[in-house]
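A look at the structure
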Amino acid sequence: MKSALIAKFSQAYGRSPEIIARAPGRIEFIGNHTDYNGGTVLGAAIDRGVWVGLARREDGLRRFASDQREGIISQCADQLAKGTGQASWVNYPLGVIAAFPHFGLKAPGGFDYYAISDLPVGAGLSSSAAIELASALAFVAATGQEPDRETLVKVGKHAENNFVGVPCGILDQGVSGFGRKDHLVFIDCRGPRFDTVPLPSQAHFWIFNTHTKHALVDGLYAARHRECMEAARTLGVGLLVEVTPATLNANLAKLEPTAGKRARHVVEEIARVDEAGQALRAGNLAAVGRLLTASHRSSQHLFENSTPELDFLVDTLVAAPHVYGSRLTGGGFGGAVMALTSPDFGDVQAQAVADAYARKFGAKPDILHAQTGDGAQLCR
Ligand code: GLA
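Residues numbered from 1 in each chain as written. Predicted model: local features only at pLDDT ≥ 70, side-chain atom pairs only at ≥ 80, totals over all residues. Heavy atoms only, no water.

**Observations regarding the domain arrangement of the chain**
The cut-off we apply is this: Where a domain begins and ends is set by an automatic assignment or by a domain database. Summed over both partners, buried area is the accessible surface (1.4 Å probe) that two parts give up on being assembled. The salt bridge definition used is simple: a Lys or Arg side-chain nitrogen within 4 Å of an Asp or Glu carboxyl oxygen.
For the chain, the assigned domains read domain 1 (2-198) and domain 2 (204-370). Here domain 1 and domain 2 have C-alpha centroids that lie 26 Å from each other. Taking both sides of the interface into account, the surface hidden between domain 1 and domain 2 amounts to around 2,900 Å²; carbon and sulfur atoms contribute 68%. Of all residues in domain 1, F29, I30 and N37 give up the largest surface area on contact with domain 2, accounting jointly for 23% of the area buried on that side. For the interface between domain 1 and domain 2, the tally reads 1 salt bridge. With its nearest N and O atoms 2.7 Å apart, the salt bridge here joins R327 to E28.

**Here's the deal with the site of the ligand**
Heads up, the condition is: One heavy atom within 4 Å of a molecule or strand makes the whole residue count as near it. Nitrogen and oxygen atoms within 3.5 Å of one another constitute a polar contact, given that in protein one can donate a hydrogen and the other can accept it, and given that sequence-neighbouring residues count only through two side-chain atoms. In this description, accessible areas are obtained by the Shrake-Rupley approach with a 1.4 Å probe, and a residue is regarded as covered only by the protein chains that are shown.
Inspection of the region around the ligand gives 13 residues, with E28, H33, D35, D172 and Y221 positioned closest. Side-chain polar atom of E28 to an oxygen atom of the ligand: 2.6 Å apart, as the coordinates give it. The separation between an oxygen atom of the ligand and a polar side-chain atom of D172 is 2.5 Å. Within the complex, 92% of the 310 Å² of free accessible area of the ligand lies under protein.

**Topic: the pairing of strand 10 (residues 334-341)**
Note the cut-off: For every residue, the accessible area (1.4 Å probe, protein chains only) is compared with the maximum for its type, and the residue is labelled buried under 20%, exposed over 50%, or partly exposed between those bounds. Here a strand is any run of E in DSSP of at least two residues, a helix any run of H or I of at least four, and the numbering for each starts at the N terminus. Pairing between two strands is assigned when DSSP locates at least 2 bridges connecting them.
In terms of residue burial, strand 10 counts as a mostly covered element, since 8 of its 8 residues are buried. Pairing of strand 8 (residues 204-213) with strand 10, which is carried by 7 bridges, proceeds in the antiparallel orientation. Across the sheet, residue F205 finds its bridge partner in strand 10, namely L340. With 6 bridges connecting them, strand 9 (residues 323-329) and strand 10 associate as antiparallel partners. If you follow S326 over to strand 10, its bridge partner there is A339. The turn linking strand 9 back onto strand 10 is made up of 4 residues, and G330 within it adopts a positive phi angle of 100°.

**A closer look at the nonpolar core**
Here is the rule we go by: Throughout, nonpolar core names a set of buried Ala, Val, Leu, Ile, Met, Phe, Trp, Tyr and Cys residues whose side chains join them through atoms within 4.5 Å. Contact criterion: two residues are considered in contact whenever any of their non-hydrogen atoms come within 4.5 Å of each other.
Within the largest apolar cluster, 73 residues are counted, with the highest numbers of intra-cluster contacts made by I27, F29, L42, Y113, F205 and L280. Ranked by residue count, the leading element in this core is helix 3 (residues 127-142), at 10 residues. In this structure, this core is formed jointly by two domains, domain 1 (2-198) and domain 2 (204-370), each of which donates at least three residues. In this structure F205 touches I27, F29, A44, L184, L199, M338, A339, L340, L368, H369, A370 and T372, once residues within four positions along its chain are discounted. Grouped together as the second largest cluster of nonpolar side chains are 20 residues, C168, Y221, L240 and F303 included.

**Describing helix 1 (residues 2-13)**
Rules: To estimate how far a helix should extend, the number of its residues minus one is multiplied by 1.5 Å. The arc in question is formed by the directions pointing from the helix axis toward the C-beta atoms.
Spanning 12 residues, helix 1 covers 16 Å between terminal C-alpha atoms, matching the ideal 16 Å at 1.5 Å per step. All of the buried residues along helix 1 are L5, F9 and Y13. Here the buried residues of helix 1 occupy an arc of 40° about the axis, which is enough to place them on one side. Seen from the open side of helix 1, the exposed residues pointing more than 90 degrees away from its buried face are S3 and Q11. Elements in contact with the buried residues of helix 1: strand 1 (19-30), strand 2 (40-56), strand 3 (61-66), strand 4 (69-76) and strand 5 (111-117). In the segment just after helix 1, G14 is the residue with positive phi, at about 70°.

**Quick notes on the packing of helix 3 against helix 5 (residues 171-178)**
Selection rule: Interaxial angles span 0 to 180 degrees and are taken between N-to-C directions of axes, which are lines fitted to C-alpha atoms, for helices over the stretch in contact. Should an angle fall under 35 degrees it is called roughly parallel, over 145 degrees roughly antiparallel, and 65 to 115 degrees roughly perpendicular, with every other angle called oblique. Here is the rule for handedness: rotate from the far helix to the near one, and if that takes an anticlockwise turn smaller than a right angle the crossing is left-handed, while a clockwise turn gives right-handed. Note on residue categories: nonpolar means Ala, Val, Leu, Ile, Met, Phe, Trp, Tyr, Cys or Pro, charged means Asp, Glu, Lys or Arg, and polar means any other residue, Gly included.
Where helix 3 meets helix 5, the axes come as close as 9 Å, and the angle between the chain directions of the two elements is 55°. Between helix 3 and helix 5, the angle is such that the two are oblique. At the point where helix 3 passes helix 5, the crossing takes the right-handed sense. In contact with A129, A130, E132 and L133 of helix 3, helix 5 contributes D172, Q173, S176 and G177. Looking at the contact of helix 3 with helix 5 residue by residue, the classes come out as 3 nonpolar, 3 polar and 2 charged.

Here it is, written out as structure tokens:
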């Protein structure tokens, strides 16, 4: 990927990048919609992501290009003009620059910027956090600053919340920032506090990307966010993390039925993250898998962020041999399903699942046997 980036950069700008940074995509392992509710979550950085090349310019011009879109977008360093349509990807690096002063960081001046990615877009693997973290690393390197990792993670989240306009939690940026090969990242989102948990070597990840996306996905994510905040207010707490499953049960009558379902999903999911952590430490992958599938069922019936496509994949996967458990990964309303399997699950089994899906829905999902990888880093 590094040599591909250098080639693309040179082709676009007629010179080589001075700085190269990369940041991985992530799998949401368990902890669905828990992050912005102050809960806990487990995720894995994968060995695919976004690479950013940068070379400074003296004339105060910022130029952006990417292998995913045609053309070069130019603007002066005293501007932060939002991109729209085909150019809206530029809001990720621009949002990072806009976030810098909020964290006491100096914004970069002029530069040439090129991003390439080997992450499937729209697969729920968070290409957005990857581009934010890789951009943030490149920009701090260009300005000779060395903030700690937690600050970079918060810069990415700030960009997403305030410039891109998605009220996400800290899961995606936290995992992209703190990822570690053969480990899961554990985040206690209230601190936030970041930790890593070793992943047993027999644990394998498979991703099935349906390429389906609910037309209103961003609005639905924001709606769930709002429903959770309202449920917390009705229950007299700041965030749903402050409610235990027992107190929720005792107070369920105070909530409208829909609000009650949303709250139950979040509160029970936080408890499942805790159980999954314990089962992982005990090396009990069968128990971990049951928790993953329980998480999906809760998404399906309580949080209602699944779809018939995702449900079909989960149903087919959990009925297949060598699968410990399966669930939707990420925000939901389309996107991808992940399965935790033993090493005996291979291409033949994965293809059988994809074929069954194609018979029902007419198109095959993309299959990715994902490997874990390290978090965001400077490459030179
Ligand atoms: C998206 C968001 C995350 C998180 C998940 C759901 O990936 O970006 O912050 O809320 O959805 O768990």
